[in-house]
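Given next are the chains, with one letter for each unit.
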Amino acid sequence: MRTLSAFAALLLFAACQSAPPEGLTAADQEAIYELGQKYRAAAVAGDWAGWTDLWTPDAVYQVPQGPTLVGHEQIMAEAQAFGVPAEMDFAIDRSDGSGGWAWARGTWNVVTAATEDMPTMTMGGSYLWVLEKQGDGSWLIDTECYNLDAPSFFVSRLTAHAY
């Protein structure tokens, strides 16, 4: 009898718990996909102000072998130093979340334009975004962390000029 009472109490307790938050809606998934398309389009156009507008004002950008950048000003300076990519592929492989937060991960490939300091290069890697939902249903990048699919000696040579 005591076991039955304990089991009934456990069932009652479980029934009173709130359900876990649901994942992203189809509209959220579409908005995140559109964010990725805007990100790519702004980068290829060299529209760094438009690109930076895709980030929250206090966003964090973690670049390989470099300092953590915080806020629009630092993030835009990094993008401008990198330069306008001649070509860019950008894919969101998966995203999920709940409430006002989501994450997305994917891959990117860039062909850089040659400059006085650097020849044309092809590079790629992967990234992870933390996204914050806005009042209008859109999403902004709160945090981006990315890596280069390259040997470590290449990463150190590439980033040495910027830092």
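Residues numbered from 1 in each chain as written. Predicted model: local features only at pLDDT ≥ 70, side-chain atom pairs only at ≥ 80, totals over all residues. Heavy atoms only, no water.

When its secondary structure is counted, the chain shows 5 helices and 6 strands. Going from the N terminus to the C terminus, the chain shows its helices and strands as α-α-α-β-β-α-β-β-β-β-α. Residues counted as buried form 35% of the 163 residues belonging to the chain. Across the chain, contacts joining residues at least 24 apart in sequence account for 52% of those joining residues at least 6 apart. (Helix = DSSP H or I, 4+ residues; strand = E, 2+ residues; numbered from the N terminus. Buried < 20%, exposed > 50% of the residue type's maximum accessible area, 1.4 Å probe, protein only. Contact = heavy atoms within 4.5 Å.)

This structure, assessed with the given rule, holds 1 salt bridge. Between Asp28 and Lys133 there is a salt bridge, with its nearest N and O atoms 2.8 Å apart. In this pair, Asp28 sits in helix H2 (residues 26-45) while Lys133 sits in strand E5 (residues 122-133), placing the two residues 105 residues apart along the sequence. Judged by relative accessible area, Asp28 falls into the buried class, the value being 7%. (Salt bridge = Lys/Arg side-chain N within 4 Å of Asp/Glu carboxyl O.)

What follows is about helix H4 (residues 71-82). Helix length check: H4 (12 residues) gives 17 Å between terminal C-alpha atoms against 16 Å at 1.5 Å per residue, within 8%. Gly83 occupies a position one or two residues after H4 and carries a positive phi of about 95 degrees. (Expected span 1.5 Å × (residues − 1).)

Moving on to the sheet that holds strand E1 (residues 55-62). Strand order in the open sheet formed by 6 strands is E2-E1-E6-E5-E4-E3, with mixed pairing between adjacent strands. Each of the sheet's edge strands pairs with one partner strand only, and the pair in question is strand E2 (68-70) and strand E3 (85-98). If you compare each strand with its neighbour and ignore which way they point, the axes differ by 15 degrees on average. Lying on the sheet, H2 is in contact with E1, E3, strand E4 (101-112), E5 and strand E6 (139-148); it crosses E3 at an angle near 160 degrees. (Pairing = 2+ DSSP bridges. Axes fitted to C-alpha atoms, helices over the stretch in contact; angles between N-to-C directions.)

Quick look at the packing of aromatic side chains now. Per the counting criterion, the structure on display carries 12 aromatic pairs. Between Trp108 and Tyr146 the ring centres are 5.7 Å apart and the planes differ by 85 degrees, which places this aromatic pair in the edge-to-face class. Placement of the pair is Trp108 in strand E4 and Tyr146 in strand E6, with a sequence separation of 38 residues. Like Tyr146, Trp108 is buried. Through pairs of rings, three or more aromatic residues link up here, namely Tyr39, Trp48, Trp51, Trp55, Tyr61, Phe90, Trp108, Tyr127, Trp129 and Tyr146. (Phe/Tyr/Trp six-rings, centres within 6.5 Å; stacked < 30°, edge-to-face > 60°.)

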